[in-house]
Amino acid sequence: MKTNRAPKTNRVLTKMQKANSDTLGIGRELIAYHPDLWKKTDWEKDYPNIDLSAKVTVNIVDHGIIN
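Residues numbered from 1 in each chain as written. Predicted model: local features only at pLDDT ≥ 70, side-chain atom pairs only at ≥ 80, totals over all residues. Heavy atoms only, no water.

Enquirer: How would you sum up the environment of Pro 7? Please name residues and give values.
Expert: The residue Pro 7 is located in helix 1 (residues 2-18) in this model. For Pro 7 and Asp 51, which are 44 residues apart along the polypeptide, the C-alpha to C-alpha distance reads 14 Å. (Helix = DSSP H or I, 4+ residues; strand = E, 2+ residues; numbered from the N terminus.)

Enquirer: Pulling in residues and values, what's your account of the packing of aromatic side chains?
Expert: Within this structure, the stated rule accounts for two aromatic pairs. Arranged with centres 5.7 Å apart and planes meeting at 45°, the rings of Trp 38 and Trp 43 form a pair that is tilted. What makes Trp 38 partly exposed here is its relative accessible area of 26%. Each ring, one from Trp 43 and one from Tyr 47, has its centre 5.3 Å from the other, and the planes form 40°; the classification is tilted. Each of the two residues, Trp 43 as well as Tyr 47, counts as buried. Ring-pair connections join several aromatic residues into one group, and the members of that group are Trp 38, Trp 43 and Tyr 47. (Phe/Tyr/Trp six-rings, centres within 6.5 Å; stacked < 30°, edge-to-face > 60°. Buried < 20%, exposed > 50% of the residue type's maximum accessible area, 1.4 Å probe, protein only.)

Enquirer: Break down the side chain of Gln 17 for me, citing the residues and quoting the values.
Expert: Counting through the fold element by element, Gln 17 comes out in helix 1. Setting aside residues no more than four positions away along its own chain, Gln 17 makes contact with Tyr 47, Pro 48, Asn 49, Ile 50 and Leu 52. (Contact = heavy atoms within 4.5 Å.)

This is the structure in structure tokens:
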């Protein structure tokens, strides 16, 4: 399950960047925690070119009704 999720998640991240859609709020995090870097950034131009990569961890906490 884990090996299946990371490539799919990375494809979604790529599509979001191509659409220039920061739905994860990366820009907001940058503004809040790195304001000096934010001031130097042209977010509209730079966001699609940021290297993003997903790390997926799966924890199965319970099973269903059927054993």
